[in-house]
Amino acid sequence: MNFLQNQALKYTCNFLNKELKSKFNFKNEVNLEKSKDGKKVMLYIHVPFCHTFCPYCSFHKFAYDEELCKEYFKTLRIELQQFKDLGYDFNTLYVGGGTTLINEAELIKTLSLCKDLFSIEEISCESDPNHIKPEALKDFKGLIDRLSCGVQSFDDEILRKVNRLEKFGNQKELVKKLESANGILPTFSIDLIFNFPSQTKQMLIKDIELAKNIAPSQITLYPLMKSNLTKEIIAAKLGIDKQDNEYEFYKIICEYFSDYEQNNSWSFSKDRTSFNDEYVSTHHEYIGAGSGAFSFTNNKLLVNAFKLDDYKAKVLAGKNQKLAHIDFSPEDRINYIFLTEFFKDNLNINNFNSNYNCDLEKHLGLKLKAMQTIGAININNGIINNTFFGKYLALTLMKEFYINMDLVRAYFRKDL
Ligand SMILES: C[S@@+](CC[C@H](N)C(=O)[O-])C[C@H]1O[C@@H](n2cnc3c(N)ncnc32)[C@H](O)[C@@H]1O
Ligand code: SF4
């Protein structure tokens, strides 16, 4: 990375940070409006339960308790019925967590209800390595289309430091579990995290080779995200590296996956697919169900109640109230969609303009020129092509976006 690129990276990340922070509005609760046009959008369901808490993870979750979890799923199903009553329809469902397969019977009931209520064509779920046993997965045939399993690393020492070695198994055990789960559901995906403090180049390459040998349909490599919620505990558990290896490691990743299709800056597939890890990049409008879930609709980012009692009370009162919102101006919306499209792929300017009713070149103006000057993109015949540096820039911006979402989580989780 040259000096100009380095400065541009810092500048754009700071800019995005400031923009997002200035827009958070925690004061006014808003109601989810009726669907205006019955247009099919994406449904996101949050399952906030885990058996173990990993120090790097800031996703909204509670320690698993069977009764609490059953009660939660019951409330979720009421909320889903309310979406139906508000006129919503969905074509895609992402279930995120937490550990979404933590109570299989409740999940099956809930997914089946979604299929009954809405025109769902594809369902994606996340799991830890303990809930991917072939006997259990067979019950999800015809329900789950894509399952991602968090491995994070195959290195026993890293697994030990992040409290996953005893809970989910060592390298050998993980490989065995993943091999036996691969191929049962249409798409199986492995999540790894790179740039852990103390991770060496050799450790990263070993992780990539082991994942590729298992041959799942997709492999996602997230850069380690450190927010205010997690940075201290990450440092305590894993230490602090003198040098940040993210860019160098990203180069290695792209080299090792040159025989794969790239779905977006951090996800690779054996065959190209739009059904990947990042629903934010493929769906610009989504409705979130469950405690702590985000929705993005009508130019607003809405957030559901984080406390389980509050969440249940709001759903039972039928108010559909959301706790916080961020208002996006029409210009913000274009910036947001541009970021997600840029993260995903090359971009056809004419298609973008007609899909989002705008003039992208006019809208981005000097920013587009600056991106060309620093070598992040080149434009040929109306197509914006991402260079390697462009992909890395998109990765860091998406990482910043997620880190900023942690500010919202931090705000609400402080009273839990
Ligand atoms: C919400 S988690 C659910 C995964 C599942 N519960 C598990 O632990 O295997 C989805 C994925 O997000 C990624 N993730 C979580 N925290 C992260 C962080 N701080 N930085 C990068 N990726 C992270 C992990 O790869 C994880 O598998
Ligand atoms: S990584 Fe998975 S198991 Fe670990 S805390 Fe996050 S959601 Fe729970």
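Above this text sits the structure in question.
Residues numbered from 1 in each chain as written. Chains lettered and ligands numbered in written order. Predicted model: local features only at pLDDT ≥ 70, side-chain atom pairs only at ≥ 80, totals over all residues. Heavy atoms only, no water.

Now for the sheet that holds strand 19 (residues 377-380). Pairing in this open sheet of three strands is antiparallel, and the strands run 18-20-19 from one edge to the other. Looking at the sheet topology across the chains shown, the edges are occupied by strand 18 (347-348) and strand 19. Two elements, strand 18 and strand 20 (residues 383-386), share two bridges in a ladder whose sense is antiparallel. Looking across to strand 20, one finds that Leu 347 is bridged to Ile 384. (Pairing = 2+ DSSP bridges. Helix = DSSP H or I, 4+ residues; strand = E, 2+ residues; numbered from the N terminus.)

Okay, the packing of aromatic side chains next. In total, this model carries 24 aromatic pairs according to the counting rule given. On the basis of an interplanar angle of 55 degrees and a centroid distance of 5.9 Å, the ring pair of Tyr 247 and Phe 388 is categorised as tilted. You can see Tyr 247 sitting in helix 10 (residues 246-256) and its partner Phe 388 sitting in helix 17 (residues 388-413), a full 141 residues away along the chain. Residue classification places Tyr 247 among the buried residues on the basis of a relative accessible area of 12%. Ring centres 4.8 Å apart and planes at 55 degrees place the aromatic pair Phe 296 and Tyr 336 in the tilted group. Here Phe 296, found in strand 14 (residues 294-297), pairs with Tyr 336, found in helix 13 (residues 330-344); they are 40 residues apart in sequence, far enough to count as distant. Given a relative accessible area of 6%, Tyr 336 falls into the buried group. Feature note: the residues Tyr 222, Trp 266, Phe 296, Tyr 336, Phe 343, Phe 401 and Tyr 402 constitute an aromatic cluster, connected by ring pairs. The ring centre of Phe 53 lies 5.4 Å from the NZ or CZ of Lys 61, which sits over that ring. (Phe/Tyr/Trp six-rings, centres within 6.5 Å; stacked < 30°, edge-to-face > 60°. Buried < 20%, exposed > 50% of the residue type's maximum accessible area, 1.4 Å probe, protein only. Lys NZ or Arg CZ within 6 Å of the ring centre and 35° of its normal.)

A few words on helix 2 (residues 66-85). Here helix 2 contains 20 residues, and its C-alpha end-to-end distance of 29 Å stays within 8% of the 28 Å for a straight helix at 1.5 Å per residue. Every buried residue of helix 2 is listed here: Cys 69, Tyr 72, Phe 73, Thr 75, Leu 76, Arg 77, Glu 79, Leu 80, Gln 82 and Phe 83. For helix 2, the side-chain oxygen to backbone nitrogen distance between the N-cap and Glu 67 is 3.2 Å, and the N-cap itself is Asp 65. At the exit of helix 2 stands Gly 87, carrying a positive phi of roughly 90 degrees. (Expected span 1.5 Å × (residues − 1). Polar contact = N/O pair within 3.5 Å; in protein donor to acceptor, adjacent residues only side chain to side chain.)

Near ligand 1, the surroundings consist of 18 residues, among which Tyr 56, Gly 97, Gln 152, Arg 164 and Met 225 are the closest. With respect to ligand 1, the backbone of Tyr 56 contributes an N or O atom lying 2.8 Å from a nitrogen atom. Between ligand 1 and Arg 164, the relevant distance is 2.9 Å, taken from an oxygen atom to a side-chain nitrogen or oxygen of the residue. Across the complex, the protein chains shield 94% of the 570 Å² of accessible surface that ligand 1 would expose by itself. Sorting the residues of the shell around ligand 1 by element identifies strand 7 (122-127), strand 8 (146-152), strand 9 (187-194) and strand 10 (218-223) as the ones contributing at least two each. The residue makeup of the shell around ligand 1, split by class, is eight nonpolar, six polar and four charged. (Near = heavy atom within 4 Å. Areas by Shrake-Rupley, 256 points an atom, 1.4 Å probe, with all protein chains shown as cover. Nonpolar A, V, L, I, M, F, W, Y, C, P; charged D, E, K, R; others polar.)

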